[in-house]
Amino acid sequence: MTDQFQLTEDQLAIQEMARRFTADNITPFAAEWDEKHHFPRDVIQMTGELGFGAIYVSEESGGIALGRLEAALIMEAMAYGCPATSAYVSIHNMASWMIDRFGSAELKARFLPRLVTMEHIASYALTEPGSGSDAAALKTTAVLDGDYYVLNGTKQFISGSGFNDIYVVMVRTGEEKAKGITCLVVEKDTPGLSFGVPEKKLGWNASPTAQLIFEDCRVPVANRVGAEGDGFRFAMAGLDGGRINIGACSLGGAQRCLDEALVYTKERQQFGVPVADFQNTQFMLADMATELEAARALLYLAAVKVTAGAPDKTRFSAMAKRLATDSGSNIVNNALQLFGGYGYLKDYPIERFWRDLRVHSILEGTNQVMRMIVGRDLLRQGS
């Protein structure tokens, strides 16, 4: 029985590899990246050497073809150093997977060889200024003109906009809401494509975010992923894994802050004794650890369901994302409290994780939308 709830030797090896890479290449530099708003493209591309640019891309396409639990272990390990950097790798993986899973042989042959190595990095563009949670209301149009689509519109909050080489974009080719959405691959140097100024954000400062702007941008029909009108289905399929990954990023950040709090409270003295000797501190640490393990267990279960294609995978992904991101932020907030005034200073990493993890309950579907998904699925099941 116990084997069912243990990571396999292969999974532990993947986790250890990701942890070692993070300890060497991310953790020592993350505070500086945050402070200087530096995008560590070189480090992100180094993850490609480990296969992390194509975690669940098929072996035929050059990927390492792992499951969603293995991906979660990688994201969790890297977020221990920098959640923004880990999430950036997750987005690239979602875009690469979409091309591999739904693209033609010709499209895959053109784009995947450089994406799997991370020579090229990919962005995913669904959100618009007027359509966030209501993603199917997107307005960016793609009008057929011979062998090209002519794109007009704006995408909002796009990670890597202006920096990345490839953009997997959801556009409107038809009138109906979800059924009129099509997926296109757009290359950075395409005429008519421009980028907004980088947004000034609360956190995720190591990850550039900007608008993606299309003005009579001509994209070859050959760059379409799948059939016209299938884009929204692809987008939703990608989000189950994306939600697992962003939840895993919260777990990694929360684990880091719990570990930091354990060390700090044993060293910090008040009233002649270490702060860790106070029962209040011990109860806070106990609750933080319990919350973290509960969220992790649900997230790992959801990840296995997504890999297996279980019928309840979307509900479990939504449940896991909601719990992991809410719990992660709560744990980091409590870690900051245990640090007292020092937790508020940039001399310690807690405040950076507090800022970085805050966005996790908004992106990949807000936690309110996660509750909608779960509630609807429960009621559908009961009827």
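Right above here is the structure, for reference.
Only a predicted model underlies this, so the values are computations on that prediction, with no experimental measurement involved.

Caption draft 1: Summary view of the packing of helix α5 (residues 83-102) against helix α7 (residues 231-267). Interhelical geometry of α5 versus α7 gives an angle of 155° and a closest axis separation of 10 Å. Taken together, α5 and α7 sit at an angle that is classed as roughly antiparallel. Where α5 crosses over α7, the handedness of that crossing is right-handed. Residues Pro-83, Ser-86, Ala-87, Ser-90, Met-94, Trp-97, Met-98 and Phe-102 of α5 lie in contact with α7, whose contacting residues are Arg-233, Phe-234, Ala-235, Ala-237, Gly-238, Leu-239, Gly-242, Asn-245, Ile-246 and Cys-249. Residues that form the contact of α5 with α7 fall into these classes: 12 nonpolar, five polar and one charged.

Caption draft 2: Main features of the environment of Glu-293. As for its placement among the helices and strands, Glu-293 is situated in helix α8 (residues 279-308). Spatially, the C-alpha atom of Glu-293 lies 9.6 Å from that of Gln-255, the residues being 38 residues apart in sequence.

Caption draft 3: Examining the pattern of salt bridges more closely. Per the counting criterion, the structure on display carries 18 salt bridges. In this structure, Arg-355 and Asp-34 form a salt bridge, with 2.7 Å as the shortest nitrogen-oxygen distance. Placement of Arg-355 in helix α10 (residues 350-358) and of Asp-34 in helix α2 (residues 30-36) is noted, with a sequence separation of 321 residues between them. For the pair formed by Arg-355 and Asp-34, the shared burial category is buried. For Lys-155, the salt bridge goes to Glu-128, with nearest N and O atoms at 2.9 Å. One end of the pair, Lys-155, is in strand β3 (residues 148-159); the other, Glu-128, is in the loop between β1 (122-125) and β2 (141-145), with 27 residues separating them in the sequence. Of the two residues examined, Lys-155 and Glu-128, each falls in the buried class. Each member of the salt-bridge network shares a partner with another, and the members are Asp-34, Glu-351 and Arg-355.

Caption draft 4: Local environment of the packing of aromatic side chains. Taken as a whole, this structure holds 11 aromatic pairs when the rule is applied. Look at Phe-29 and Trp-33: their rings are 6.4 Å apart centre to centre, the planes differ by 25°, and that puts the pair in the stacked class. Taking the centre distance of 4.0 Å and the plane angle of 15° together, the rings of Phe-102 and Phe-234 count as stacked. Here the residue Phe-102 occupies a position in helix α5, and Phe-234 occupies one in helix α7, the gap between them amounting to 132 residues. We note that Phe-102, like Phe-234, is buried. Put simply, the rings of Tyr-264, Phe-339, Tyr-342 and Tyr-348 pair up and form one aromatic cluster. A cation sits over an aromatic face here: Arg-68 above Tyr-56, 3.6 Å from the ring centre.

Caption draft 5: The arrangement of the pairing of strand β4 (residues 166-172) in detail. Burial analysis of β4 places seven of its seven residues in the buried class, the great majority of the element. Residue alternation in β4 divides its side chains into two sets, Ile-166, Val-168, Met-170 and Arg-172 and Tyr-167, Val-169 and Val-171, and both sets are buried. Taken together, the four bridges between β1 and β4 define a ladder with parallel strand orientation. Bridge pairing links Ser-123 to Tyr-167 in β4. Here β4 runs beside strand β5 (residues 181-187); their pairing, made up of seven bridges, is antiparallel. Bridging from a neighbouring strand, Val-169 pairs with Leu-184 of β5.

Caption draft 6: Helix α6 (residues 105-116), seen in detail. With 12 residues, α6 ought to run about 16 Å at 1.5 Å a step, and its terminal C-alpha atoms sit 15 Å apart, in line with that. Within the sequence span of α6, burial applies to Leu-107, Phe-111, Leu-112, Leu-115 and Val-116. Considered in projection along α6, the buried side chains sweep an arc of 120° and stay on one side of the axis. Positive backbone phi, at 65°, marks Met-118, one or two positions downstream of α6.

Caption draft 7: A look at the side chain of Thr-366. Here Thr-366 is to be found in the loop between α10 and α11 (367-382). A relative accessible area of 17% places Thr-366 in the buried class. Ignoring any residue separated from it by four or fewer positions in sequence, one finds Thr-366 in contact with Ser-133, Lys-321 and Ser-361.

Caption draft 8: Structural context of the nonpolar core. One finds Met-98, Ile-99, Tyr-124, Met-170 and Leu-299 to be the most contacted residues of the largest nonpolar core, which totals 91 residues. At 14 residues, the largest contribution of residues to this core is made by α7. Excluding residues that lie within four positions of it along the chain, Met-98 makes contacts with Gly-103, Tyr-124, Val-168, Met-170, Cys-183, Val-225, Phe-234, Ala-235 and Gly-238. In this structure, Leu-184, Val-186, Leu-212 and Phe-214 belong to the second largest nonpolar core, which totals 15 residues.

Caption draft 9: Representation of the environment of Asp-34 within the structure. Taking the relative accessible area as the measure of exposure, Asp-34 reaches 7% and is therefore buried. Separated by 128 residues in the primary sequence, Asp-34 and Gly-162 have C-alpha atoms spaced 19 Å apart. The contact partners of Asp-34, leaving out residues within four places of it in the chain, are Asn-205, Arg-352 and Arg-355.

Conventions adopted
- Throughout this description, residue numbers start from 1 for each chain and increase along the sequence as written.
- Where local features are concerned, this predicted model is filtered to residues with pLDDT of at least 70; where side-chain atom pairs are given and counted, the filter is 80 or more; whole-chain, interface and lining totals use all residues.
- Calculated side-chain values reflect all of the structure's heavy atoms, with hydrogen atoms and water omitted.
- Helix axes use the C-alpha atoms of the stretch in contact, all axes being lines fitted to C-alpha atoms, and the angles between their N-to-C directions lie in the range 0 to 180 degrees.
- A run of H or I in DSSP counts as a helix once it spans at least four residues, and a run of E counts as a strand once it spans at least two, with each numbered from the N terminus.
- Between 65 and 115 degrees an angle is taken as roughly perpendicular, under 35 as roughly parallel, over 145 as roughly antiparallel, and anywhere else as oblique.
- Helix crossings get a hand from a simple test, with the near helix turned counterclockwise from the far one by less than a right angle marking a left-handed crossing and a clockwise turn marking a right-handed one.
- Whether two residues touch is decided by their heavy atoms; if any such pair falls within 4.5 Å, the residues are in contact.
- Three classes are used: nonpolar for Ala, Val, Leu, Ile, Met, Phe, Trp, Tyr, Cys and Pro, charged for Asp, Glu, Lys and Arg, and polar for all others, with Gly counted as polar.
- Salt bridges are counted wherever a side-chain nitrogen of Lys or Arg sits within 4 Å of a carboxyl oxygen of Asp or Glu.
- Buried means the residue's accessible area, taken with a 1.4 Å probe over protein chains only, is under 20% of the maximum for its type, while exposed means over 50%, and partly exposed covers the values in between.
- Any two of the Phe, Tyr and Trp rings considered here, Trp counted by its six-membered ring, make a pair once their centres fall within 6.5 Å; the pair's planes then place it as stacked at under 30 degrees, edge-to-face at over 60, or tilted in between.
- To sit over a ring, a charge needs its Lys NZ or Arg CZ within 6 Å of the ring centre and within 35 degrees of the ring normal.
- At least two DSSP bridges between two strands are required for those strands to pair.
- Each helix should span, by expectation, one fewer than its residue count multiplied by 1.5 Å.
- Taken from the helix axis, the directions to the C-beta atoms give the arc we talk about.
- Definition used in this section: a nonpolar core is a set of buried Ala, Val, Leu, Ile, Met, Phe, Trp, Tyr and Cys residues joined via side-chain atoms within 4.5 Å.

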